[in-house]
Amino acid sequence: MPSIDVCFSPELLHLYELKGKAVVAVDILRATSTMVTAFAEGAARIFPVMELEECRAHAESGCLTAAERNGVKAEGFDLGNSPFGYMDGKVQGRNIAITTTNGTRAIRMSEAAEEIVVGAFLNLQTVADHLTELGLDVLVVCAGWKGQFNLEDTLFAGALVERLQKTFASENDSSLAALYLYQTAKADLVTFLRQSSHVRRLEHLEIHKDIEFCLRHDVYNVLPVWRHNMLVDLKVRELKG
Ligand code: 3SL
């Protein structure tokens with residue numbers, strides 16, 4: 001039986017073997033929730049990059065550019081990091097280069113894995129089904145906040161462990177802790193997260209709507225995966241055959 005494990009911060013990745021594994025990169029508030037929304041809204045490809053300058057350079061090849069630092073849209077870019085900014089046809093058919101404080105870092109630091117999947121509550125079941133089909137050992141890589149643990153990514157990890165309970169072994173303490181936390185909180189994630197540091201950070205920016213949206217489960221059948229140097233939506237490819 002394959003296993004599922006959880007890495008609570010990209011800074012702990014050196015403790016894990018990524019070779020031959022499927023990584024699920026997650027930044028619930030808000031980078032991976034936003035990427036999933038972008039694909040659901042018809043984005044063609046997403047280039048997650050670490051640095052603002054690298055992101056800006058993608059504009060030359062016709063990409064929309066998206067950048068967030070410390071919760072705020074960086075100046076001079078087309079888009080920020082709110083899922084609502086990617087709706088209403090703005091990203092339909094477009095390539096997007098994006099850099100965020102933690103989320104894009106978690107993806108790029110996982111490049112040694114066999115497969116990288118972008119996960120969010122919004123596409124939880126689609127991710128779970130893909131992992132079951134793949135049958136590889138799974139490592140959930142939580143983006144955290146500047147190297148530190150956060151609650152919302154851990155809750156997502158727990159939700160995924162719960163969905164995969166019958167087909168994946170979760171015998172390590174990190175996946176058990178994530179599962180127990182999720183089971184304690186799942187009846188009302190919004191209330192549970194009210195005191196969390198990133199929700200407080202974002203509340204100062206008055207983005208309650210984003211927080212509630214990013215905590216919704218199974219809204220989209222979207223499967224962003226890493227291919228070469230970009231993310232593509234495998235579900236769109238399935239539809240096109
Ligand atoms: O850290 C990140 O990558 C962002 O998702 C943070 S924020 O939600 O845009 O503040």
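Since we're looking at a predicted model, the values are computed, not measured.

The rules behind each value
Residues numbered from 1 in each chain as written. Predicted model: local features only at pLDDT ≥ 70, side-chain atom pairs only at ≥ 80, totals over all residues. Heavy atoms only, no water. Helix = DSSP H or I, 4+ residues; strand = E, 2+ residues; numbered from the N terminus. Buried < 20%, exposed > 50% of the residue type's maximum accessible area, 1.4 Å probe, protein only. Contact = heavy atoms within 4.5 Å. Polar contact = N/O pair within 3.5 Å; in protein donor to acceptor, adjacent residues only side chain to side chain.

Before going further, it helps to spend a moment on the environment of D218. Residue position: D218 is located in the loop between α9 (208–214) and β9 (224–227). The class of D218 is partly exposed, set by a relative accessible area of 35%. Considering only alpha carbons, one finds D218 and N172, 46 residues apart in sequence, at a separation of 26 Å. Those residues within four positions of D218 in sequence are excluded, and the remaining contacts are F121, L122, N123, L124, Q125 and R163. Looking at D218, its side chain comes within polar contact range of the main-chain nitrogen of Q125, at 2.8 Å.

Let us look at unusual backbone geometry. Note that the residue after L29, namely R30, is joined by a cis bond; omega there is -5°. Structurally, the position occupied by R30 is in the loop between β2 (22–26) and α1 (31–40). In this model, N70 sits at a positive phi of 55°, which is unusual for a non-glycine residue. Topologically, N70 is positioned in the loop between β4 (64–69) and β5 (72–73). Its relative accessible area of 43% is what places N70 among the partly exposed residues.

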